[in-house]
Amino acid sequence: MLNKTDLSKPIVENYSFIHNNAVEKIGDKMYFSPMVFYADTKNIFTQEKRDYPIDFIFPHQDKYNVSFTIPEGYTVETSPQSKSVAMVDDIGSFKYLISNNGNQFQIVYTLDVNQAIVGSEYYDVLKNFFKEIVDRHSEKIVLKKL
């Protein structure tokens, strides 16, 4: 872990892993979720209506840089598209940037929450925003055997 004692810099963690159930093989194709451990799979805003403000405690940024090496003998058949979404009144935004260079695949995902307290009048905006994040995180990369 880098910068864990220097509060003026972001904390950086790097690690490699092997996951035995991260890929679904069907025929000559492999399907996997590129966000692996970081995927938001459920919208945290599920109520129809909200009467009280939403408290994010403090403004913050979450940034993930996920890299994959495409296995030898495979090529990317389909992948999610890059996307950026910003909420009104600078409440927050997310960027989901994807690049594929040879056998290297990279995703840079950034979520910015710019306000600690968001009024209940923005509940539908937040609900739709987080639905967009869940939708983006649920998309899969499809690798096809050459």
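Structure shown above.
All figures in this text were calculated on a predicted structure; none of them were measured in a lab.

Asker: Could you clarify how one ought to interpret the packing of aromatic side chains in this entry?
Answerer: What describes a pair of aromatic rings is the distance from one ring centre to the other and the angle between the planes of the rings. Tallying each qualifying case throughout the model produces 10 aromatic pairs. Judged by centre distance (6.1 Å) and plane angle (5°), the rings of Tyr64 and Tyr109 are stacked. Taken as a pair, Tyr64 in strand β4 (residues 60-69) and Tyr109 in strand β8 (residues 104-113) lie far apart in primary sequence, 45 residues in all. Between the aromatic rings of Phe129 and Phe130, the centroid separation amounts to 5.3 Å while the plane-to-plane angle is 85°, which identifies the pairing as edge-to-face. For the pair Phe129 and Phe130, one class covers both residues: buried. Site record: aromatic cluster; members linked through ring pairs are Phe45, Phe56, Tyr64, Phe94, Tyr96, Tyr109, Tyr123, Phe129 and Phe130.

Asker: Where do I start with the sheet that holds strand β7 (residues 92-101) in this structure?
Answerer: Sheets are built from strands paired through backbone hydrogen bonds, the pairs being either parallel or antiparallel. Pairing is antiparallel across the open sheet formed by four strands, whose spatial order is β4-β8-β7-β6. The sheet terminates laterally at β4 and β6 (83-86), the two strands that pair on one side only. With direction set aside, neighbouring strand axes in the sheet form an average angle of 5°. Taken together, the 10 bridges between β7 and β8 define a ladder with antiparallel strand orientation. Paired with Ser93 across the two strands is Asp112, which belongs to β8. Contacts from helix α1 (residues 123-138) reach β6, β7 and β8 within the one sheet, and its direction differs from that of β7 by about 15°.

Each value, and the rule that gives it
Residues numbered from 1 in each chain as written. Predicted model: local features only at pLDDT ≥ 70, side-chain atom pairs only at ≥ 80, totals over all residues. Heavy atoms only, no water. Phe/Tyr/Trp six-rings, centres within 6.5 Å; stacked < 30°, edge-to-face > 60°. Helix = DSSP H or I, 4+ residues; strand = E, 2+ residues; numbered from the N terminus. Buried < 20%, exposed > 50% of the residue type's maximum accessible area, 1.4 Å probe, protein only. Pairing = 2+ DSSP bridges. Axes fitted to C-alpha atoms, helices over the stretch in contact; angles between N-to-C directions. Contact = heavy atoms within 4.5 Å.

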